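Next come the chains, spelled out residue by residue.
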Amino acid sequence: MKTEASSNKGPPSVITLAFSVLTHFLLVAPVIYILVLAFSKYSFFSWHPICMSLGVGLLITEAVFSVSGEAYIASKLPKRNRVTIHWILHTIGLSLVGIGLIIIIVNKIRFNGSHFATTHSQLGLVTIILSVLTAVFGIATKNITWLYPRERPILFKSTHALGGTAVLILLLATLINGTYTHWWPGTVTGRSLTFASLFIAGFLILVKPVLGAVSKCRVIFGPPSDND
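Note that the coordinates shown come from a computational prediction; the quantities given were computed from them, not determined experimentally.

Thresholds, definitions, all that
- Residues numbered from 1 in each chain as written.
- Predicted model: local features only at pLDDT ≥ 70, side-chain atom pairs only at ≥ 80, totals over all residues.
- Heavy atoms only, no water.
- Helix = DSSP H or I, 4+ residues; strand = E, 2+ residues; numbered from the N terminus.
- Contact = heavy atoms within 4.5 Å.
- Areas by Shrake-Rupley, 256 points an atom, 1.4 Å probe, with all protein chains shown as cover.
- Axes fitted to C-alpha atoms, helices over the stretch in contact; angles between N-to-C directions.
- Parallel < 35°, antiparallel > 145°, perpendicular 65-115°, else oblique.
- Left-handed = near helix turned anticlockwise from the far one by under 90°.
- Nonpolar A, V, L, I, M, F, W, Y, C, P; charged D, E, K, R; others polar.
- UniProt positions renumbered as here; feature names shortened; annotations may be inferred.
- 1 Å grid on protein atoms, 1.4 Å probe; cavity = no way out; pocket = protein on both sides within 12 Å on 5 of 7 lines; lining within 4 Å.
- Points joined across faces, edges and corners; volume = space filled by probe spheres on them.
- Phe/Tyr/Trp six-rings, centres within 6.5 Å; stacked < 30°, edge-to-face > 60°.
- Buried < 20%, exposed > 50% of the residue type's maximum accessible area, 1.4 Å probe, protein only.

S.K.: Help me out: how do you make sense of the overall build of the chain in this one?
M.R.: A tally of regular secondary structure across the chain gives six helices and zero strands. What you see in the chain, going N to C, is helices and strands ordered as α-α-α-α-α-α. Long-range pairs, those at least 24 residues apart, make up 74% of the contacts in the chain between residues at least 6 apart in sequence. Summed over all atoms, the accessible surface of the chain reaches about 12900 Å², with 72% contributed by carbon and sulfur.

S.K.: Looking at this structure, how should I read the packing of helix 4 (residues 119-142) against helix 5 (residues 153-178)?
M.R.: A pair of packed helices is characterised by two quantities: the angle between their axes and the separation of those axes. At a minimum axis distance of 9 Å, the contact between helix 4 and helix 5 shows a crossing angle of 155°. One element, helix 4, and the other, helix 5, form an angle in the roughly antiparallel class. For helix 4 against helix 5, the interelement crossing comes out left-handed. Counted by class, the contact of helix 4 with helix 5 contains nine nonpolar, 15 polar and one charged residues.

S.K.: Whenever I open this one, the packing of helix 2 (residues 47-67) against helix 3 (residues 79-110) confuses me. Can you help?
M.R.: Two elements in contact, helix 2 and helix 3, have axes separated by 8 Å at closest approach and are oriented at 165°. One way to sum up the angle between helix 2 and helix 3 is to call them roughly antiparallel. For the pair helix 2 and helix 3, the crossing hand works out as left-handed. Of the residues contributing to the contact of helix 2 with helix 3, the split by class is 21 nonpolar, seven polar and three charged.

S.K.: Explain the UniProt feature "transmembrane region" (unreviewed entry) in the chain to me, please; I cannot follow it from the model alone.
M.R.: Mapped onto this numbering, the UniProt entry gives "transmembrane region" (unreviewed entry) at residues 12-39, 45-67, 87-109, 121-140, 161-180 and 192-211. With 100% helix and 0% strand, residues 87-109 has end C-alpha atoms that lie 33 Å from one another. As a span, residues 161-180 carries 90% helix and 0% strand, and end to end its C-alpha atoms are 29 Å apart.

S.K.: When you look at the layout of surface pockets in this model, what are you seeing that I'm missing?
M.R.: The gaps of empty space that remain are located by a probe, the size of a water molecule, rolled over the atoms. Put simply, the second largest pocket is a space of about 820 Å³. Contributing to the lining of the second largest pocket are 37 residues, with F45, H48, I104, H120 and T181 lying nearest its centre. Mapped onto the lining of the second largest pocket, the elements with two or more residues apiece are helix 2, helix 3, helix 4 and helix 5. Residue contributions to the lining of the second largest pocket peak at seven residues, all from helix 4. Residues of the lining of the second largest pocket, tallied by class, amount to 17 nonpolar, 18 polar and two charged.

S.K.: Looking at this structure, I do not really get the packing of aromatic side chains. What am I missing?
M.R.: Remark: the centre distance and the inter-plane angle together describe each pair of aromatic rings, the angle taken between the planes. Per the counting criterion, the structure on display carries nine aromatic pairs. Measuring from ring centre to ring centre gives 6.2 Å for F39 and Y42, while their planes differ by 5°; the resulting arrangement is stacked. A residue is classified by how much of its surface remains accessible, and Y42, at 48% relative accessible area, is partly exposed. When the ring of F195 is compared with that of F199, the centres are 6.1 Å apart and the planes differ by 5°; the resulting orientation is stacked. Taken together, the residues F195 and F199, both in helix 6 (residues 188-220) and four residues apart, mark about one turn of the helix. The exposure class of F195 is partly exposed, given its relative accessible area of 36%. The structure contains a cluster of three or more aromatic residues connected by ring pairs, namely Y33, F45, W183 and W184.

S.K.: I tried to follow the side chain of T179 on my own but got confused; where do I start?
M.R.: Relative to the elements of secondary structure, T179 occurs in the loop between helix 5 and helix 6. Once residues within four sequence positions are removed from consideration, T179 is found in contact with W184, R191 and T194.

Below, the structure is given as structure tokens:
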């Protein structure tokens, strides 16, 4: 059995550093752009894109990026610490998303608007519900001793990984879709660059988690083992 010390990685390579810097740039740049636009056309509604872009574009994406060990700083930490960072960032990120949801509901009430009448709002609502369910499943995964040995830990780990991947894709899709609503005060070029930046960043973040989830799924269909 490997000890925590012996399983630690060596110093991150230049490629790892470059990969981390590029991914973070692709996330931070569009979020800053959205924040600038939101404050330039400031109103109570502005807090909706502000909360959503910060919660999804920075915190939740960073939560996934950190736990995979591909983020430069997180790559120096043992898995246990990365998991802690993962759930803390997710908690804060989902809290901001929840605040963003409340803001848009209140804003609709103020102007007597229809609730969840657009593709963006419907996609957002479904995604938030799935995000909460995935988070609850993540709590069960982190505390698998509650269910072991009745349930195989690998089943919960792989399901949470696949569910988290799907949810992150939906969150980014919802964020991108928001730039195509009538609110968007930016340019067409700015919107296209925002789309491309978030899309590429999402792809880079999810490569390792997807491969890991697929690997875990192979184990599920095999015989149970003590290491599951």
